[in-house]
Amino acid sequence: MRLPNYVGGSWVEGAGPGTALVDPVTGEELARASSEGIDFAAALAHARTAGGPALRTLGYAARAELLAKVADVLSSNRKAYFEIALRNSGSPEADAAVDIDGAIFTLKYYVRAAAGLGSARYLRDGELARLGKDEGFQGLHVAQPLRGVAILINAFNFPAWGLWEKAAPALLSGVPVLVKPATVTAWLTQRMVEDVVKAGVVPEGALSIVCGGAGDLLDHVTGADALSFTGSADTALRIRSHPAVLRRSTRVNVEADSLNVALLGPDARRDAQEFDLLVREVVREMTQKAGQKCTAIRRILVPAAARSAIEEAIQARLAKTTVGNPRNKDVRMGPLVSKAQQQAAIEGTAALRRETKVVFDGGPEFKPIEADAAVGAFVPPTLLACDDALAARAVHDVEVFGPVATIVPYADPAQAFAIARMGQGSLVASVFSADAGFLAEAASELADSHGRILAVNAAVGATHTGHGNVMPMCLHGGPGRAGGGEELGGLRALAFYHRRAAIQGHVDVLNAIAAHAVELKY
Ligand code: NAP
């Protein structure tokens, strides 16, 4: 099977042999993807001239209805998506749900969030501002949808959610989408786009997909486009510094690597509920999607006195994690998505091991259930511990994109915050403590270097939404190393797909303009 690209209103197969998509459990080839021969300039032009105007004639509420129809199409094909996730990503059902149901949930959230925006077609930003002596002459800020394309270059780990968490606010804003999924898991993204396009629920040109390499895509971006990238920091650098992106000041949003922390407060002893809550969360983060989540916990900061208790507790849970072929219903953790990712995880772990001790790595007896370890891309859950966090470098720098985390003991809170910041900017930190004062202090200490802080005490122990779970109501993105981007955050996400302008004139004119706009309320 070859994955058809959808560009310029047609289904087009790329030329040449393409790249094989492979089952990471069995090594079976599933499909091929190729973008060779695709006219990227024409693809973008079609989205700008057909998709953009068709979307912009609709108001926000009508575009929200369109998102509702997309969610319905995806819901009705859900079973097929789980099958693709099983075969192409090696995902057990629970892991596939994070991606697929997470995508549908996010779309439905935006449908609800936009319900109050009515038929307005652009946004008002703030009050009229007096500019001089004449009260009749004032200024007003409005934000218009971009007249370009939302170009989404996505990572392999969320082929479903990664598309729709970006496409939902883009389409709601009135901006057409062209997605280039990561090749290795492009099948699920392609199938979802195919289902939505064939169902006819979005205007022609509103949704395009290219599977395979990015080719000369970036040569054709304009100042009206918005480029949203999720992936490694190295690729992010290449994209940001592309000459066309720089020359035309194309808007770029980057979600990249992150050395996220879980922090156990100094008060938390072995018998505290918060101790158990941290252990449970760490194990979930290490094993869900086999640790292939940008938000996964990579560093576990604990008071030095609690180190051995934490090591024992996490190790005991990891030892019970069943790893293997996700077709076996007893299996909780599947493989990484490819042999290349397995190799990268092995190399990254070797770099960490130079600065750490191994607490648990499945041992020499590690063997995946109902799978050939030599063929599949399996990596055992691996817990490391670092004696000297301040001297370590790799621990704060090497993101192993797999089920690997490092325990990092700290001496006092100031040192814990300093160690957290050594990640050079991260997506999320979670803090576990019964001391409300410590939770508040940690949140304010870490909020400048982390995009999201999850503060956990027993009061939210059973109800919090999780360290790694990205909720559409809250911001996703982190400073520095994490890419410096911002996604989601409810209707805040619309800002990336609009451009603000100041209109100066008579108040009657400004009020007439404002009457057709809607102001976002967060
Ligand atoms: P990657 O190798 O950087 O690839 C990401 C995307 O960029 C893929 O679609 C890839 O296409 C494309 N790409 C590669 N080179 C390109 C170029 N020169 N021009 C244009 N596009 C190019 O990253 P990955 O291995 O897929 O993803 C894993 C990384 O993503 C991890 O480091 C993880 O932390 C990060 N991540 C971050 C977030 C977040 O929200 N912050 C979420 C998920 C993942 P091909 O597949 O065709 O090479």
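Structure: see above.
Residues numbered from 1 in each chain as written. Predicted model: local features only at pLDDT ≥ 70, side-chain atom pairs only at ≥ 80, totals over all residues. Heavy atoms only, no water.

1. Regarding the overall build of the protein chain
Helix and strand content of the protein chain: 15 helices and 22 strands. Across its three principal axes, the protein chain shows a C-alpha extent of roughly 70 × 60 × 40 Å. When each of the 522 residues of the protein chain is scored for burial, the buried share is 57%. Pairs at least 24 residues apart make up 77% of the contacts formed inside the protein chain by residues separated by at least 6 positions. Just so you have it, the protein chain exposes about 20,100 Å², and 53% of that area is on carbon and sulfur atoms. Distance from the positive charge centre (52 side chains) to the negative charge centre (55 side chains) of the protein chain: 3 Å. (Helix = DSSP H or I, 4+ residues; strand = E, 2+ residues; numbered from the N terminus. Buried < 20%, exposed > 50% of the residue type's maximum accessible area, 1.4 Å probe, protein only. Contact = heavy atoms within 4.5 Å. Areas by Shrake-Rupley, 256 points an atom, 1.4 Å probe, with all protein chains shown as cover. Lys, Arg positive; Asp, Glu negative; His and termini not counted. Charge placed at Lys NZ, Arg CZ, Asp CG, Glu CD.)

2. Looking at the site of the ligand
The ligand sits among 26 residues. The nearest are Asn154, Thr183, Ser232, Thr235 and Glu399. Within the side chain of glutamate 255, a nitrogen or oxygen atom sits 3.4 Å from a nitrogen atom of the ligand. Contact between the ligand and aspartate 257: an oxygen atom at 3.1 Å from a side-chain N or O atom of the residue. Looking at the shell around the ligand, the elements that each hand over two or more residues are strand 10 (226–230) and helix 7 (233–240). With three residues, the top contributor of residues to the shell around the ligand is helix 7. Here the residues of the shell around the ligand sort into twelve nonpolar, nine polar and five charged. (Near = heavy atom within 4 Å. Polar contact = N/O pair within 3.5 Å; in protein donor to acceptor, adjacent residues only side chain to side chain. Nonpolar A, V, L, I, M, F, W, Y, C, P; charged D, E, K, R; others polar.)

3. Observations regarding the sheet that holds strand 18 (residues 450–456)
The mixed open sheet is built from seven strands, whose spatial order is 14-15-16-13-12-17-18. Edge strands, defined here as strands with exactly one partner in the open sheet, are strand 14 (357–360) and strand 18. Pairs of neighbouring strands in the sheet enclose a mean axial angle of 25°, with direction left out of account. In this structure, strand 17 (residues 426–432) lies alongside strand 18, joined through six bridges in parallel fashion. By the bridge assignment for strand 18, serine 430 is matched with leucine 454. Across the sheet, helix 9 (residues 273–287) touches strand 12 (260–264), strand 13 (297–303), strand 15 (382–385), strand 16 (404–410), strand 17 and strand 18, and the angle it forms with strand 12 is around 160°. (Pairing = 2+ DSSP bridges. Axes fitted to C-alpha atoms, helices over the stretch in contact; angles between N-to-C directions.)

4. Topic: the sheet that holds strand 22 (residues 517–519)
Across the sheet, four strands lie side by side as 21-6-5-22; this open sheet has mixed pairing. Since the sheet does not close on itself, it has two edges, and those belong to strand 21 (498–506) and strand 22, each with one partner. The sheet shows a mean angle of 40° between the axes of neighbouring strands, direction not considered. Where strand 5 (residues 122–130) and strand 6 (residues 137–145) come together, five bridges link them in antiparallel fashion. Paired with alanine 129 across the bridge in strand 6 is glycine 139.

5. A look at the packing of aromatic side chains
Inspection of every chain in the model, using the stated rule, returns six aromatic pairs. Note on phenylalanine 156 and phenylalanine 401: the rings are 5.7 Å apart at their centroids and 85° apart in plane angle, and the pair reads as edge-to-face. Taken together, the residues span a long stretch of sequence, with phenylalanine 156 in the loop between strand 7 (150–153) and helix 5 (161–173) and phenylalanine 401 in the loop between helix 12 (394–397) and strand 16 at a distance of 245 residues. Over the ring of tyrosine 522 we find arginine 492, and its NZ or CZ is 4.5 Å from the ring centre. (Phe/Tyr/Trp six-rings, centres within 6.5 Å; stacked < 30°, edge-to-face > 60°. Lys NZ or Arg CZ within 6 Å of the ring centre and 35° of its normal.)

6. Things to note about helix 15 (residues 507–515)
Three or four residues apart is the spacing at which side chains of an α-helix point the same way, because the helix has 3.6 residues per turn. By the burial criterion, the buried members of helix 15 are Val507, Leu510 and Ala514. For helix 15, the angular spread of the buried residues around the axis is 60°, confining them to a single face. Those residues of helix 15 that are exposed and aimed more than 90 degrees away from the buried face are Asp508 and Ala515. Against the buried residues of helix 15 lie strand 5, strand 6, strand 21 and strand 22. (Arc of directions from axis to C-beta.)

7. Concerning unusual backbone geometry
Trans is the prevailing form of peptide bonds, just as negative phi is the prevailing case for residues other than glycine. Residue glutamate 370 is not a glycine yet carries a positive backbone phi of 50°. Tracing the sequence through the fold places glutamate 370 in the loop between strand 14 and strand 15. The class for glutamate 370 is exposed, based on a relative accessible area of 55%. Positive phi outside glycine occurs at glutamine 424, with the angle close to 65°. With respect to the helices and strands, the residue glutamine 424 is situated in the loop between helix 13 (413–421) and strand 17. Among the residues examined, glutamine 424 registers a relative accessible area of 41% and is labelled partly exposed.

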